[in-house]
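# Per-entry structural report
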Amino acid sequence: MESNLLSNVKSYFTSEVINKLSANLGESPEKVEKGVELTVPSLLLGLQGKGGDGLTSILTSAKHLFSSFDVNNLFGNYFGTPSGTDNSKFETQNLLSSIFGDRLTTVVESIASYIGLRSESVSGLLGASLPAVISGLTHKGSDWNASSIGSLLNANKSAFAAALPTGLGLGAFGSLFAQADKPTEIPKDTDKSDETVLAEPIPREPVNLPPRQPDVVHTPERIEEEKKGAGYWWLLIPIIIIALWLLFGKSCDGDTRETILRDSIDNVDTTSAINEPLAQEGRTYVDVKLPDGASLKAYPAGIEENLIAFLQSGYKSLSEDELKEKWFDFDNLNFETGSANVLPESQQQLENLAAILRLFPDAKIKIGGYTDKTGDEEVNERISEERAEAVKTFLESKGLGSQVDDAEGYGSEFASVPASASDAERAKDRRVAVSVRK
């Protein structure tokens, strides 16, 4: 759910207002609407960055300039008359300079480049958006208290940052948000081992090729040396056989050993085997940056990085069917054998998901549980459902239940690897995943 402050400000921009702005700017309504989606949080973020005296000064000027909050008229006043007798545009530009300082040009050019608007059109949208922003902050001019407005801005800071896409250039708003842009810029001549890059999902398990062995030249001397080495092994083989017989041969006869082996196979908990998630051996944590400047400990290119990138990518323009096709697999979520009890070491990834959802309060998710094709399907469906519900229950305990649309267990319905495949191959079908919804 979007921040109430952002929603209130954006509510001024009806289709009629967008069309009027489009006509004045000479830009398409679609681009104007996208521009407003960026200018509103940019203004709010700029105001949030002002200190006590700075914010008080801006509010004093705004109170003088916006004596009425008939926003449609204010938009018209900003663009002025052909003769230029209305000075609202000039005063508003001065106010924008007070808000952004020497970063105003950077903000304008960043938005213009991102959307494909002319710089003067973005300046116009910032000026036209300012009265709506001030109206939202002051409750249509009923409360100009700088202290309460400052508290309101600080409380919604994360929502403002989350409303701006990564590629826009959050560094323009100060050092707190500058880190959000760094992952996309990797120096050529530096060690990249600790870099965190927000990118499209890539395979979690890289293929580790064995080191290349030096070429062997089969000279007569080399062949003779290999023969000697092989001879030593022939001497060891009988000794090993005798040792194995002494260790196992006297403990039980052939029939007894066969019975024990068959019983051990029959008693394996196949339910747990087909539902254990992919192990994450040999992977190390990196710091994944959040839009508010904080960081998470997570695997590189894991669910955290990919989910953050997706939530900042303008996913709302996708259709429901397109969203249903996009799933993000947990890569460090493991359960006790044959149950839906999350192992202690996996709590961190659930906490990471909760932290991400808090920064994107308007995002909703669906949770899905999956198994491979082995075992009893009825049991598969039950356990996959319980594990999806376990994630939902955790998020509810964190006060995020309103952002979870549903949790469902699919069993092996979407498994892509046959039951006859190796366990390593079937591991990718055993997972819990989330899908972003509107």
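For the structure, see preceding data.
Quick summary incoming for the structure in this document. Only a predicted model underlies this, so the values are computations on that prediction, with no experimental measurement involved. As a convention, each chain's residues are numbered from 1 in the sequence order in which they are written. Local features in a predicted model are, by the rule used here, given only for residues with pLDDT of at least 70; side-chain atom pairs are given and counted only at 80 or more, and totals for whole chains, interfaces and linings are based on all residues. Water and hydrogen atoms play no part in the side-chain values, which are based on all heavy atoms of the structure.

## What to know about the overall build of the protein chain
Stated formally: Each helix is a run of H or I in the DSSP string that is no shorter than four residues. Each strand is a run of E no shorter than two, and both are numbered from the N terminus. Burial status follows relative accessibility: with a 1.4 Å probe on protein chains alone, a residue under 20% of its type maximum counts as buried, one over 50% as exposed, and anything between as partly exposed. The Shrake-Rupley method, run with a 1.4 Å probe sphere, supplies the accessible areas, and residue values consider only the shown protein chains as cover.
Along the protein chain, the regular secondary structure elements total 19 helices and 6 strands. The burial tally for the protein chain puts 42% of its 438 residues in the buried class. For the protein chain, the accessible surface area stands at approximately 23,300 Å², while carbon and sulfur atoms represent 53% of it.

## Considering the nonpolar core
Quick reminder of the rule: Here, the term nonpolar core denotes a set of buried Ala, Val, Leu, Ile, Met, Phe, Trp, Tyr and Cys residues that are joined through side-chain atoms within 4.5 Å.
Of all hydrophobic cores here, the largest spans 48 residues; its most connected members are Phe13 and Leu44. Of all the elements, helix H8 (residues 119-138) adds the most residues to this core, at 9 residues. Of all hydrophobic cores here, the second largest spans 39 residues; its members include Val342, Leu353, Ile356 and Val434.

## Some remarks on the packing of helix H15 (residues 303-311) against helix H17 (residues 347-359)
Two quantities define a packed helix pair, namely the angle between the axes and the distance from one axis to the other. Keep this limit in mind: Axis definition: a line fitted to C-alpha atoms, over the contacting stretch in the case of helices. Angles run 0 to 180 degrees between N-to-C directions. For this classification, under 35 degrees means roughly parallel, over 145 means roughly antiparallel, 65 to 115 means roughly perpendicular, and everything else is oblique. A crossing counts as left-handed when the near helix is turned anticlockwise from the far one by less than a right angle, and as right-handed when that turn is clockwise. Contacts were defined at the residue level, with two residues in contact if any of their heavy atoms lie within 4.5 Å. Side-chain classes follow a simple rule in which Ala, Val, Leu, Ile, Met, Phe, Trp, Tyr, Cys and Pro form the nonpolar group, Asp, Glu, Lys and Arg form the charged group, and the remainder, Gly included, forms the polar group.
In contact at an axis separation of 10 Å, H15 and H17 are set at 10 degrees when each is read in the N-to-C sense. Of the possible angle classes, the one that applies to H15 and H17 is roughly parallel. Here H15 runs over H17; the crossing is right-handed. In contact with Ile303, Glu304, Leu307, Ile308 and Leu311 of H15, H17 contributes Gln349, Asn352, Leu353 and Ile356. When the residues that make up the contact of H15 with H17 are grouped by side-chain class, the tally is 6 nonpolar, 2 polar and 1 charged.

## Focus: the sheet that holds strand S4 (residues 364-370)
Heads up, the rule is: A pair of strands is labelled paired if DSSP reports no fewer than 2 bridges between them.
One open sheet holds the 4 strands; their spatial order is S3-S6-S4-S5, and the pairing between them is mixed. One side of each edge strand has no neighbouring strand; the edge strands of this open sheet are strand S3 (328-329) and strand S5 (404-409).

## Section: helix H4 (residues 52-65)
Note the threshold: Working rule for helices: expected span equals 1.5 Å times residues minus one. Taking the helix axis as origin, the arc is that swept by the directions to the C-beta atoms.
Relative to the 20 Å expected for 14 residues at 1.5 Å per residue, H4 spans 20 Å between its end C-alpha atoms, a close match to the ideal helical length. The set of residues buried in H4 consists of Leu55, Ile58, Leu59, Ala62 and Leu65. Along the long axis of H4, the arc covered by the buried residues comes to 120 degrees, so they all point the same way. Facing away from the buried surface of H4 by more than 90 degrees, the exposed residues are Gly52, Asp53, Thr60 and His64.

## Considerations on the side chain of Gln403
Take Gln403: it is sitting in the loop between helix H18 (377-397) and S5. Under the relative-accessibility criterion, Gln403 is labelled buried at 5%. What Gln403 contacts, discounting residues up to four positions off in sequence, is Leu357, Phe360, Pro361, Ala363, Lys364 and Ile365.

## What about the packing of aromatic side chains?
Counted only if it meets this: Aromatic pairs are defined between Phe, Tyr and Trp rings, using the six-membered ring for Trp, whenever the two ring centres lie within 6.5 Å; interplanar angles under 30 degrees are classed as stacked, those over 60 as edge-to-face, and all others as tilted.
Per the counting criterion, the structure on display carries 8 aromatic pairs. Their ring planes at 15 degrees and their centres at 5.1 Å tell us that Tyr285 and Tyr299 sit as a pair that is stacked. A residue pair is termed long-range when its members are at least 10 positions apart, and Tyr285 in the loop between helix H14 (270-273) and strand S1 (286-289) and Tyr299 in the loop between strand S2 (295-298) and H15 qualify at 14 residues. The exposure class of Tyr285 is partly exposed, given its relative accessible area of 42%. Here the aromatic rings of Trp327 and Tyr410 are separated by 6.4 Å at their centres, their planes lie at 85 degrees, and the arrangement is edge-to-face. Taken together, the residues Trp327 in the loop between helix H16 (320-324) and S3 and Tyr410 in the loop between S5 and helix H19 (423-426) connect sequence positions 83 residues apart.

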